[in-house]
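Topology and contacts: notes
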Amino acid sequence: MQGTFRAQDDDSRRPGGDDQVGIATKTRAKPKKPSQFKVLMLNDDYTPMEFVVMVLKRFFGMDLEQATRVMLHVHQRGVGVCGIYPYEIAETKVNQVMDFARQNQHPLQCTLEKA
């Protein structure tokens, strides 16, 4: 007895036997932008202006003109914004500035606040 093999139609495996192809979609939540923090430099009567300019250039990537402008703002107003960053970066910059100032025996203060 020889039988013939008949391939099963794809339709017969699906209820209703329709030929529609479904596309699985998954909506992805957009990643929330991290909170931003201002790095603030505080004025004091002891840290030399040249040192402040060097710090702004070294740790905040400012050119001489921009660093001088920020330093004068800090000197005249008592506080100035060095940059705005996500929390971890802002915290790292504050620590770097404070450590560098201490190593050079300057009382320069730097802090952060939510932008």
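This paragraph deals with the overall build of the protein. Across its full length, the protein holds three helices and three strands. Listed by position from the N terminus, the elements making up the protein come as β-α-α-β-α-β. Counting all 115 residues of the protein, 27% fall into the buried class.

As a further point, take the packing of helix 1 (residues 49-60) against helix 2 (residues 64-77). Two numbers describe how helix 1 lies on helix 2: the axes approach to 9 Å, and their chain directions differ by 125°. Comparing the axis directions of helix 1 and helix 2 gives the class oblique. The handedness of the crossing between helix 1 and helix 2 is right-handed. Only Leu64, Ala67, Thr68, Val70, Met71 and His75 of helix 2 make contact with helix 1, whose side of the interface consists of Met49, Val52, Val53, Leu56 and Lys57. For the contact of helix 1 with helix 2, the residue count by class is eight nonpolar, two polar and one charged.

Sheet architecture is open: three strands sit in the order 2-1-3, paired in antiparallel fashion. Pairing within the sheet leaves two strands with one partner each, and these edge strands are strand 2 (79-86) and strand 3 (109-114). Sheet twist, expressed as the average angle between the axes of neighbouring strands with direction ignored, equals 30°. The pairing of strand 1 (residues 36-42) with strand 2 spans seven bridges and is classified as antiparallel. Directly across from Val39, in strand 2, lies its bridge partner Gly83. Contacts from helix 1 reach strand 1 and strand 2 within the one sheet, and its direction differs from that of strand 1 by about 160°. Sheet strands in contact with helix 3 (residues 87-103) are strand 1, strand 2 and strand 3, and its direction is about 165° off that of strand 3.

A separate point is the side chain of Thr47. Relative to the assigned elements, Thr47 resides in the loop between strand 1 and helix 1. Only 3.4 Å separates the side chain of Thr47 from the backbone nitrogen of Leu108, close enough to count as a polar contact. Other than its neighbours up to four places away in sequence, Thr47 contacts Val52, His106, Pro107 and Leu108.

The sheet contact formed by strand 1 and strand 3 spans six bridges and is antiparallel. Among the inter-strand pairings, Val39 is bridged to a residue of strand 3, identified as Leu112.

Turning next to the packing of aromatic side chains. Applying the stated criterion to the full structure yields four aromatic pairs. Between the aromatic rings of Phe37 and Tyr87, the centroid separation amounts to 5.1 Å while the plane-to-plane angle is 70°, which identifies the pairing as edge-to-face. A residue pair is termed long-range when its members are at least 10 positions apart, and Phe37 in strand 1 and Tyr87 in helix 3 qualify at 50 residues. Under the relative-accessibility criterion, Phe37 is labelled buried at 14%. A centroid spacing of 5.4 Å and a plane angle of 10° characterise the contact between Phe51 and Phe100, whose relative ring orientation is stacked. A residue pair is termed long-range when its members are at least 10 positions apart, and Phe51 in helix 1 and Phe100 in helix 3 qualify at 49 residues. Within the aromatic cluster, the residues linked to one another by ring pairs are Phe51, Phe59 and Phe100.

Rules used in this analysis
- Residues numbered from 1 in each chain as written.
- Predicted model: local features only at pLDDT ≥ 70, side-chain atom pairs only at ≥ 80, totals over all residues.
- Heavy atoms only, no water.
- Helix = DSSP H or I, 4+ residues; strand = E, 2+ residues; numbered from the N terminus.
- Buried < 20%, exposed > 50% of the residue type's maximum accessible area, 1.4 Å probe, protein only.
- Axes fitted to C-alpha atoms, helices over the stretch in contact; angles between N-to-C directions.
- Parallel < 35°, antiparallel > 145°, perpendicular 65-115°, else oblique.
- Left-handed = near helix turned anticlockwise from the far one by under 90°.
- Contact = heavy atoms within 4.5 Å.
- Nonpolar A, V, L, I, M, F, W, Y, C, P; charged D, E, K, R; others polar.
- Pairing = 2+ DSSP bridges.
- Polar contact = N/O pair within 3.5 Å; in protein donor to acceptor, adjacent residues only side chain to side chain.
- Phe/Tyr/Trp six-rings, centres within 6.5 Å; stacked < 30°, edge-to-face > 60°.

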